[in-house]
Amino acid sequence: MAVSTVYTTQSLNSTCSISTPAKTHLGSHQKQVVFYRRTIKRGSSSGSCAVKCSAGDSQTVVIGLAADSGCGKSTFMRRLTSVFGGAAEPPKGGNPDSNTLISDMTTVICLDDYHSLDRTGRKEKGVTALDPRANDFDLMYDQVKALKSGVAVDKPIYNHVTGLLDPPELIKPPKILVIEGLHPMFDERVRDLLDFSIYLDISNEVKFAWKIQRDMAERGHSLESIKASIEARKPDFDAYIDPQKKYADAVIEVLPTQLIPGDNEGKVLRVRLIMKEGVKHFSPVYLFDEGSTISWIPCGRKLTCSYPGIKFHYGPDTYFGNEVSILEMDGQFDRLDELIYVESHLSNISTKFYGEVTQQMLKHADFPGSNNGTGLFQTIVGLKIRDLYEQITSSKTAAPLEATKA
Ligand SMILES: Nc1ncnc2c1ncn2[C@@H]1O[C@H](COP(=O)(O)OP(=O)(O)OP(=O)(O)O)[C@@H](O)[C@H]1O
Ligand SMILES: O=C(CO)[C@H](O)[C@H](O)COP(=O)(O)O
């Protein structure tokens, strides 16, 4: 029942007819939903295009963020969006249960929307949402590829309230597309579309502590049910989600502190920012001296530290056979305004002015992790992504000039 349709938009100044066959996705207890890719060219001045629209004149930079559920993706996204200025909001006038967040520069889509089985369907088949069989990687690839090349798509919506697949929403190609969720790096075709990838690696102990904090304190779940849900997901997490970290350009690893022997409260954290060397448009952050191995305890006159203090470590290493630099922070800040002292000893942080990291951290002091390495490293990765975006777009605009010279 594929129907060709023509769409017009005010913001995109061309009109194109459909070129991609419809795809069908069924949750077992749901009506048939047919998705069409709307081929709307970005930035075109021509009135219409008959069959196929070519890529627009500016490229969409695609960022992948992988993590298990409840591991801080939303918090990271809020920090990232803030670096680009402006707040991210769900599509205006759309499905109130949309998982998408749009700001001037960024569109964040949640890969849960590519679940091919709804909640009941998964239960019937005995698979979890982490299982690739519960997800449509062909559609994910088609749509991310389309967006990257400047073509709008009708993306499905997985409704977390009802557990059903809702009718699709129109996603226009943004300047920066972030695909966040369980599997942004699982499928090789999707992985190859990423300009930069991040994995949030939260250790089991910390994940458990965060889950308890959120699901018990805020959602009224019992300790037993939280434990059971973590245990039930673990085999698929180990099989399909965790292995993606070897592909990531940056990994934020969150571990229990080593400053308090035997601590398992998950409040004081040891956080490691693992940065791959040799990634185009990305130069790892360093402490004091690039390539050296350094341990630094900044507590003293310029940084107030109560027990158990703060310890930084920096140095080269290998990670899944790749050369990396690792910056580590164990402990937490007492006074966020004093972070400027730490910031001034970090290099390659891609700030636009002195103190920008500290400013961002102070702006979002109420976000989870603002007093420790999770917030600090998420903020820094946000700045690195801005830098990467600027490099990619400036090299693209510079290219025709170079061509003219030749
Ligand atoms: N850096 C952090 N420090 C402490 N707690 C955190 C941190 N990041 C997240 N949390 C805890 O984990 C919870 C989930 O965070 P967040 O909503 O950002 O994760 P998520 O990966 O987007 O979750 P989901 O996929 O389930 O929506 C927060 O409510 C908070 O309790
Ligand atoms: O791992 C998840 C990613 O967020 C969710 O559990 C998955 O999307 C299924 O969602 P729900 O539990 O709402 O049916």
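The structure presented is a predicted model; accordingly, all values stated were derived computationally and were not measured.

J.: I'm lost on the side chain of N95 in this one. Help?
T.: Counting through the fold element by element, N95 comes out in the loop between α1 (73-83) and β7 (101-102). A polar side-chain atom of N95 sits 2.8 Å from the main-chain amide nitrogen of D97. At 2.8 Å, the side chain of N95 and the side chain of D166 are in polar contact. Apart from the residues lying within four places of it in its own chain, the contact partners of N95 are I157 and D166.

J.: I would appreciate a short explanation of the state of the cysteines in the present structure.
T.: Linking two cysteines covalently through their sulfur atoms gives a disulfide. Inspection of the entire model under this criterion finds 1 disulfide. Looking at C71, it has no disulfide partner, and the nearest cysteine sulfur is the one in C110, 13 Å off. For C71, a relative accessible area of 2% corresponds to the buried category.

J.: Which parts of the structure should I look at to understand the site of ligand 1?
T.: Residues in contact with ligand 1 amount to 14 residues; listed here are only the nearest, G70, G72, S74, T75 and T374. Between ligand 1 and S74, the relevant distance is 2.4 Å, taken from an oxygen atom to a side-chain nitrogen or oxygen of the residue. Protein burial of ligand 1: of its 630 Å² of free accessible surface, 82% is covered by the chains. Elements represented by at least two residues in the shell around ligand 1 include exactly α1 and α5 (204-218). Within the shell around ligand 1, the residues separate by chemical class into 3 nonpolar, 8 polar and 3 charged.

J.: When you look at the packing of aromatic side chains in this model, what are you seeing that I'm missing?
T.: Each aromatic ring pair is described using two quantities: the centre-to-centre distance and the angle formed by the ring planes. Per the counting criterion, the structure on display carries 8 aromatic pairs. Seen from their ring centres, F186 and Y240 are 6.2 Å apart, and the 75° between their planes marks the pair as edge-to-face. In this pair, F186 is assigned in the loop between β11 (176-181) and α4 (188-191) and Y240 in helix α6 (residues 223-241), connecting sequence segments 54 residues apart. Owing to a relative accessible area of 31%, F186 belongs among the partly exposed residues under this scheme. Members of the aromatic cluster, each reached through a chain of ring pairs, are F288, W296, F312 and Y341. Across the ring face of F367, the terminal group of R78 is positioned such that the distance to the ring centre comes to 4.0 Å. A cation over an aromatic ring shows up here: R191 above the ring of Y247, its NZ or CZ 3.6 Å from the ring centre.

What counts, and at which threshold
- Residues numbered from 1 in each chain as written.
- Chains lettered and ligands numbered in written order.
- Predicted model: local features only at pLDDT ≥ 70, side-chain atom pairs only at ≥ 80, totals over all residues.
- Heavy atoms only, no water.
- Helix = DSSP H or I, 4+ residues; strand = E, 2+ residues; numbered from the N terminus.
- Polar contact = N/O pair within 3.5 Å; in protein donor to acceptor, adjacent residues only side chain to side chain.
- Contact = heavy atoms within 4.5 Å.
- Disulfide = S-S within 2.5 Å.
- Buried < 20%, exposed > 50% of the residue type's maximum accessible area, 1.4 Å probe, protein only.
- Near = heavy atom within 4 Å.
- Areas by Shrake-Rupley, 256 points an atom, 1.4 Å probe, with all protein chains shown as cover.
- Nonpolar A, V, L, I, M, F, W, Y, C, P; charged D, E, K, R; others polar.
- Phe/Tyr/Trp six-rings, centres within 6.5 Å; stacked < 30°, edge-to-face > 60°.
- Lys NZ or Arg CZ within 6 Å of the ring centre and 35° of its normal.

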